[in-house]
Amino acid sequence: AKEHGRNNYRFYKPEMNAQASQLLALENRLHQALERREFDVYYQPQIHINTGEIIGMEALVRWRHPELGLVSPGQFIPLAEENGLIVPIGEWVLRTACAQNKAWQNAGFSPLRVAVNLSPRQFQQPNIASRVALALEETGLDPQYLELEITETTIMQNLDFASEMLRDLQTLGVYISIDDFGTGYSSLGYLKKFPFDKLKIDQSFVRDLKDNPHDIAIISAMITLGHGLNLKVVAEGVETREQLELLRSLQSEEMQGYLFSQPLTAEDATNLLHNPLIK
Ligand code: C2E
Ligand code: CA
Ligand code: CA
Ligand code: CA
């Protein structure tokens with residue numbers, strides 16, 4: 001231990017301390033962020049590739065830190081996952097997104113699905129299905145218009161538990177997606193065992209998608225795999241026309257990405273629903 005201590009000193013840099021204390025400050029502040037109403041939910045449209053229709057919206061949380069401004073979920077979600085705050089934050093996102101979707105339906109827009117991310121810790125609560133059921137009941141949203149996004153990694157952490165929870169969620173009638181597909185375990189056996197509806201191809205595969213035979217081979221295999229298992233396939237992170245055309249030719253039916261729209265405030269998303277851009 002002494003040895004380690006000495007090594008640490010040798011490598012010590014003042015920035016480390018600054019970084020650590022910044023993280024600590026962020027975490028302290030995170031505890032109060034919910035009651036201070038500093039969170040907001042943004043919505044990113046999911047588009048049907050052939051019709052250009054908006055068929056869903058992914059709910060993405062944002063934190064408006066009073067001093068730091070907008071803090072990205074990439075920074076605070078891992079913190080919240082570690083200290084457990086993700087549970088109340090995630091539940092707030094779930095309720096907010098369901099209520100927003102219900103409001104869109106009440107306003108007369110054709111029904112779409114709202115997709116909510118479930119973190120590992122959230123998913124691993126034994127009563128997750130009844131919590132989801134409660135959020136649906138309280139907001140009056142029909143279960144078929146809620147989609148839950150769960151990563152491969154979350155599922156692989158405990159297969160038996162995941163299997164039971166996914167069945168409970170399926171019984172509720174919600175839609176279930178595998179998020180970040182291709183980045184977690186490469187074992188594919190779990191795919192046929194669980195009641196998924198949709199596969200979201202991780203954006204790392206889409207980002208490099210040019211007219212390169214290797215990239216195309218990989219993404220094409222993922223799409224074929226998804227379809228063979230009767231799943232809808234969504235490509236995430238579509239930024240260019242070229243990527244869109246390639247995905248179209250490979251029969252991917254849905255896309256999400258900056259090419260169509262960045263994540264939007266509820267107000268901007270509502271405006272977009274009023275004036276959907278025809279692509
Ligand atoms: P994710 O679930 O994979 O969400 C997609 C991320 O990609 C979002 O980042 C979105 O803004 C970004 N994105 C969408 N289209 C494009 C594109 O064309 N190009 C690029 N470069 N990026 C694109 P965001 O909102 O910063 O969220 C990052 C991650 O934080 C999410 O990844 C998700 O894992 C997590 N997250 C966000 N909101 C929540 C939440 O409410 N609950 C939980 N548990 N996690 C969340
Ligand atoms: Ca997601
Ligand atoms: Ca289902
Ligand atoms: Ca994703």
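Residues numbered from 1 in each chain as written. Chains lettered and ligands numbered in written order. Predicted model: local features only at pLDDT ≥ 70, side-chain atom pairs only at ≥ 80, totals over all residues. Heavy atoms only, no water.

So, about the confidence of the model for the protein chain. The predicted structure's coordinates, where accompanied by low pLDDT, should not be read in detail. When pLDDT is averaged along the protein chain, the result is 90, and 92% of the positions lie at 70 or above. Listed scores for the predicted complex are pTM 0.92 and ipTM 0.97. (pLDDT = per-residue confidence, 0-100.)

Leu-146 and Phe-196 are the most contacted members of the largest nonpolar core, which totals 80 residues. The element best represented in this core is helix α4 (residues 86–106), accounting for eight residues. In this structure, Phe-196 is in contact with Ile-155, Leu-166, Ile-176, Ile-178, Tyr-190, Leu-191 and Leu-231, ignoring residues within four places of it in sequence. (Core = buried A, V, L, I, M, F, W, Y, C linked by side-chain atoms within 4.5 Å. Buried < 20%, exposed > 50% of the residue type's maximum accessible area, 1.4 Å probe, protein only. Helix = DSSP H or I, 4+ residues; strand = E, 2+ residues; numbered from the N terminus. Contact = heavy atoms within 4.5 Å.)

This part takes up the site of ligand 1. Neighbouring residues of ligand 1: 21 residues in total, closest Gln-44, Arg-62, Asn-117, Glu-239 and Tyr-258. Here an oxygen atom of ligand 1 sits 3.1 Å away from a polar atom, N or O, in the side chain of Asn-117. Here ligand 1 loses 81% of its free accessible area of 800 Å² to cover by the protein chains. Secondary structure elements with two or more residues in the shell around ligand 1: β2 (54–65), α3 (73–83), α4 and β6 (175–181). Among the elements that take part in the shell around ligand 1, β2 stands out by supplying four residues, more than any other. Class assignment of the residues belonging to the shell around ligand 1 gives a composition of nine nonpolar, six polar and six charged. (Near = heavy atom within 4 Å. Polar contact = N/O pair within 3.5 Å; in protein donor to acceptor, adjacent residues only side chain to side chain. Areas by Shrake-Rupley, 256 points an atom, 1.4 Å probe, with all protein chains shown as cover. Nonpolar A, V, L, I, M, F, W, Y, C, P; charged D, E, K, R; others polar.)

Our next topic: the packing of aromatic side chains. Using the criterion set out here, one finds seven aromatic pairs in the structure. For the ring pair Phe-39 and Trp-63, a centre distance of 6.1 Å and an interplane angle of 45° mean the geometry is tilted. Taken together, the residues Phe-39 in strand β1 (residues 39–48) and Trp-63 in strand β2 connect sequence positions 24 residues apart. When sorted by exposure, Phe-39 lands in the same class as Trp-63, which is buried. Taking the centre distance of 6.0 Å and the plane angle of 85° together, the rings of Phe-194 and Phe-196 count as edge-to-face. Chaining the aromatic ring pairs together yields one cluster made of Phe-39, Trp-63, Phe-76 and Trp-92. A cation sits over an aromatic face here: Arg-62 above Tyr-42, 5.4 Å from the ring centre. Seen from the ring of Tyr-175, Arg-113 lies directly overhead, with NZ or CZ sitting 3.5 Å from the centre. (Phe/Tyr/Trp six-rings, centres within 6.5 Å; stacked < 30°, edge-to-face > 60°. Lys NZ or Arg CZ within 6 Å of the ring centre and 35° of its normal.)

Turning to the coordination of the calcium ion (ligand 3), a few remarks are in order. Within the protein, the atoms that donate to the calcium ion (ligand 3) are Asp-197 (OD) and Asp-197 (OD), at distances of 2.7 to 2.9 Å. Position of Asp-197 among the secondary structure elements: in the loop between α9 (189–193) and β7 (198–201). (Donors = N, O, S within 2.8 Å, 3.2 Å for Na, K, Ca; no water.)

Taken together, Glu-58 (OE), Asn-117 (OD1), Glu-149 (OE) and Asp-179 (OD) make up the protein donors of the calcium ion (ligand 2), found 2.1 to 2.4 Å from the metal. Mapping the donors of the calcium ion (ligand 2) onto the primary sequence gives the spacing E-x58-N-x31-E-x29-D. Between the calcium ion (ligand 2) and the calcium ion (ligand 4), a spacing of 3.8 Å is present, and a bridge between the two is formed by Asp-179. Taken together, the residues span a long stretch of sequence, with Glu-58 in strand β2 and Asp-179 in strand β6 at a distance of 121 residues.

Another aspect to go through is the pairing of β6. Most of β6 is tucked away, with six of its seven residues classed as buried. Here β6 runs beside β7; their pairing, made up of three bridges, is parallel. Within the sheet, the bridge partner assigned to Ser-177 lies in β7 and is Lys-198. (Pairing = 2+ DSSP bridges.)

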